Amino acid sequence: MGESPVLIADSGAIRRITIQRPDKLNALNAETIAALTEAFHDADADPSVRVVVLTGAGPKAFVAGADISEMADMGAMDGRDFGLRGQALMRTIETLTKPVIARINGFALGGGLELAMACHLRIASDNAKVGQPEINLGLIPGFGGTQRLLRLAGRAATLELCLLGAPITAARALELGIVNEVVAVDALDARVDALATQLSNAAPLALRAILESVIHGGECALGEGLQFEGAQFGLMFATADMREGTAAFVEKRKPSFSGR
Ligand code: COA
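Please read all numbers here as calculations on a predicted model, not as lab measurements.

1. Side note on the site of the ligand
Consideration 1: Not every one of the 16 residues close to the ligand is listed here, only the nearest: Lys24, Lys60, Ala64, Ala66 and Ile68.
Consideration 2: A distance of 2.5 Å is found between an oxygen atom of the ligand and a side-chain nitrogen or oxygen belonging to lysine 24.
Consideration 3: Bound to the protein, the ligand loses 59% of the 860 Å² it would expose on its own.
Consideration 4: Listing elements by their share of the shell around the ligand, those giving two or more residues are helix H2 (68-72) and strand S6 (107-109).

2. Here's the deal with the nonpolar core
Consideration 1: One finds Leu28, Leu36, Phe40, Leu54, Phe62, Ile104 and Leu115 to be the most contacted residues of the largest nonpolar core, which totals 43 residues.
Consideration 2: At 6 residues, helix H1 (residues 30-45) tops the list of elements feeding residues into this core.
Consideration 3: Apart from residues lying up to four places away in sequence, leucine 54 is in contact with Ile17, Ile19, Leu36, Phe40, Phe62, Val100, Ile101, Ala102, Arg103, Leu115 and Cys119.
Consideration 4: Core analysis: the next-biggest nonpolar cluster, separate from the first, contains 12 residues, Val53, Val183, Leu195 and Leu199 among them.

3. What to know about the packing of aromatic side chains
Consideration 1: Applying the stated criterion to the full structure yields 2 aromatic pairs.
Consideration 2: Relative to phenylalanine 237, the ring of phenylalanine 233 lies with its centre 5.2 Å away and its plane at 75 degrees, an arrangement referred to as edge-to-face.
Consideration 3: Since its relative accessible area comes to 57%, phenylalanine 233 is described here as exposed.
Consideration 4: Taking the relative accessible area as the measure of exposure, phenylalanine 237 reaches 40% and is therefore partly exposed.

4. Digging into the layout of surface pockets
Consideration 1: The space that makes up the largest pocket amounts to roughly 560 Å³.
Consideration 2: As for the largest pocket, its lining consists of 21 residues, of which Glu94, Cys119, His120, Val214 and Ile215 are closest to the centre.
Consideration 3: The element best represented in the lining of the largest pocket is helix H8 (residues 204-215), accounting for 5 residues.
Consideration 4: Residue composition of the lining of the largest pocket, by class: 12 nonpolar, 3 polar and 6 charged.
Consideration 5: The computed volume of the second largest pocket comes to approximately 390 Å³.
Consideration 6: If you trace the second largest pocket, you find 22 residues lining it, with Ala66, Met71, Glu134, Leu139 and Ile140 closest to the centre.
Consideration 7: Broken down by element, the residue count for the lining of the second largest pocket peaks at 3 residues, all from helix H3 (residues 76-94).
Consideration 8: Tallied by class, the residues present in the lining of the second largest pocket amount to 13 nonpolar, 7 polar and 2 charged.

5. With respect to the domain arrangement of the chain
Consideration 1: For the chain, the assigned domains are domain 1 (6-200) and domain 2 (204-250).
Consideration 2: For domain 1 versus domain 2, the distance between C-alpha centres works out to 27 Å.
Consideration 3: At the interface, 10 residues of domain 1 touch 7 residues of domain 2.
Consideration 4: Between domain 1 and domain 2 the total buried area reaches about 680 Å² when both faces are included, carbon and sulfur atoms providing 70% of it.
Consideration 5: Of all residues in domain 1, Arg50, Arg91 and Thr97 bury the most surface against domain 2, accounting for 50% of the area lost on that side.
Consideration 6: On inspection of domain 1 and its partner domain 2, the count reaches 1 salt bridge.

6. Focus: the packing of H1 against H3
Consideration 1: Two elements in contact, H1 and H3, have axes separated by 10 Å at closest approach and are oriented at 25 degrees. Between H1 and H3, the angle falls in the class roughly parallel. H1 and H3 meet at a crossing whose hand is left-handed. Contact residues: Ala30, Ile33, Leu36, Thr37, Phe40 and His41 in H1; Phe82, Arg85, Gly86, Leu89, Thr92 and Ile93 in H3.
Consideration 2: Taken together, the residues of the contact of H1 with H3 break down into 7 nonpolar, 4 polar and 1 charged.

7. Section: the packing of helix H4 (residues 111-118) against helix H5 (residues 145-164)
Consideration 1: In contact at an axis separation of 10 Å, H4 and H5 are set at 125 degrees when each is read in the N-to-C sense. The orientation of H4 with respect to H5, classified from their angle, is oblique. Here Leu113, Glu114, Met117 and Ala118 of H4 come into contact with H5, specifically with Gly145, Arg148, Leu149, Leu152 and Leu161.
Consideration 2: Of the residues contributing to the contact of H4 with H5, the split by class is 6 nonpolar, 1 polar and 2 charged.

8. Considerations on helix H9 (residues 222-236)
Every α-helix winds through 3.6 residues per turn, so residues three or four apart in the chain are directed the same way.
Consideration 1: End to end, H9 covers 21 Å across 15 residues, agreeing with the expected 21 Å (1.5 Å per residue, within 8%).
Consideration 2: Regarding H9, the residues found buried are Gly225, Gln232 and Met236. Buried residues along H9 cover an arc of 50 degrees about the axis, so they all sit on one side.

What counts and what doesn't
Residues numbered from 1 in each chain as written. Predicted model: local features only at pLDDT ≥ 70, side-chain atom pairs only at ≥ 80, totals over all residues. Heavy atoms only, no water. Near = heavy atom within 4 Å. Polar contact = N/O pair within 3.5 Å; in protein donor to acceptor, adjacent residues only side chain to side chain. Areas by Shrake-Rupley, 256 points an atom, 1.4 Å probe, with all protein chains shown as cover. Helix = DSSP H or I, 4+ residues; strand = E, 2+ residues; numbered from the N terminus. Core = buried A, V, L, I, M, F, W, Y, C linked by side-chain atoms within 4.5 Å. Buried < 20%, exposed > 50% of the residue type's maximum accessible area, 1.4 Å probe, protein only. Contact = heavy atoms within 4.5 Å. Phe/Tyr/Trp six-rings, centres within 6.5 Å; stacked < 30°, edge-to-face > 60°. 1 Å grid on protein atoms, 1.4 Å probe; cavity = no way out; pocket = protein on both sides within 12 Å on 5 of 7 lines; lining within 4 Å. Points joined across faces, edges and corners; volume = space filled by probe spheres on them. Nonpolar A, V, L, I, M, F, W, Y, C, P; charged D, E, K, R; others polar. Domains from an automatic or database assignment. Buried area = accessible area lost by both parts, 1.4 Å probe. Salt bridge = Lys/Arg side-chain N within 4 Å of Asp/Glu carboxyl O. Axes fitted to C-alpha atoms, helices over the stretch in contact; angles between N-to-C directions. Parallel < 35°, antiparallel > 145°, perpendicular 65-115°, else oblique. Left-handed = near helix turned anticlockwise from the far one by under 90°. Expected span 1.5 Å × (residues − 1). Arc of directions from axis to C-beta.

Take a look at the structure:
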């Protein structure tokens, strides 16, 4: 068996998941999609993990898309299965019970942008380029791109990116709300580490309730979403972390959250 296409490393409560195919610009083949799916399930199940950082190896790319050479030979049913496996990975990430930060260190194209959009925060280096270039291959986005980009950036931007297929700069992606922040290449690690550290010290059950309220609640009509938020809000009053957070405020000290 060859080396795994996914590298996993922990520092404290931060889990770093790195896609390791730099010679193919970290393109997502079936093996990488399976390894990532397993890695995210493991991160979710591991109580010592409080935040996940996802990135691509090497200086050039986060992920340059689904693996085109692998797709080139697929028939319709294989293509459908491949798309569904990609979609399932993105949904696993999006519905994780812990925040996931995409560290976008270069190209995030096609499946790469779809992967980044499934994450909860996106921090890009200023040389990053993002786009949905599938049209140039006679294809369409198949890992959720038409839907998540639409919800993130609206119809005008989604149709522009998907119909024209041209990559856009990190600065434009920021303007369109596709990424949260753009930082100089040299500052990328420091910024991502600072955010990951902040999230690793935050109250885990409240982070989870926010993720569920925004992701699940956002897929409901407003009334249902508000009901869902209300139930999650109420649940927080049963947590030790809520007692700790409010007590720490009153006592003018820093809270220490246990995840209970
Ligand atoms: N699938 C498979 N292989 C890919 C890939 C992808 N999506 N993107 C890049 N690669 C491979 C290249 O084939 C090349 O492999 P090789 O050295 O064995 O020939 C290697 O990664 C380096 O890419 P290269 O094209 O030489 O780098 P570049 O700097 O000239 O161009 C890109 C970078 C990102 C502009 C270009 O690689 C590209 O357009 N990739 C495809 C993007 C895309 O259409 N993604 C959507 C797929 S659905």
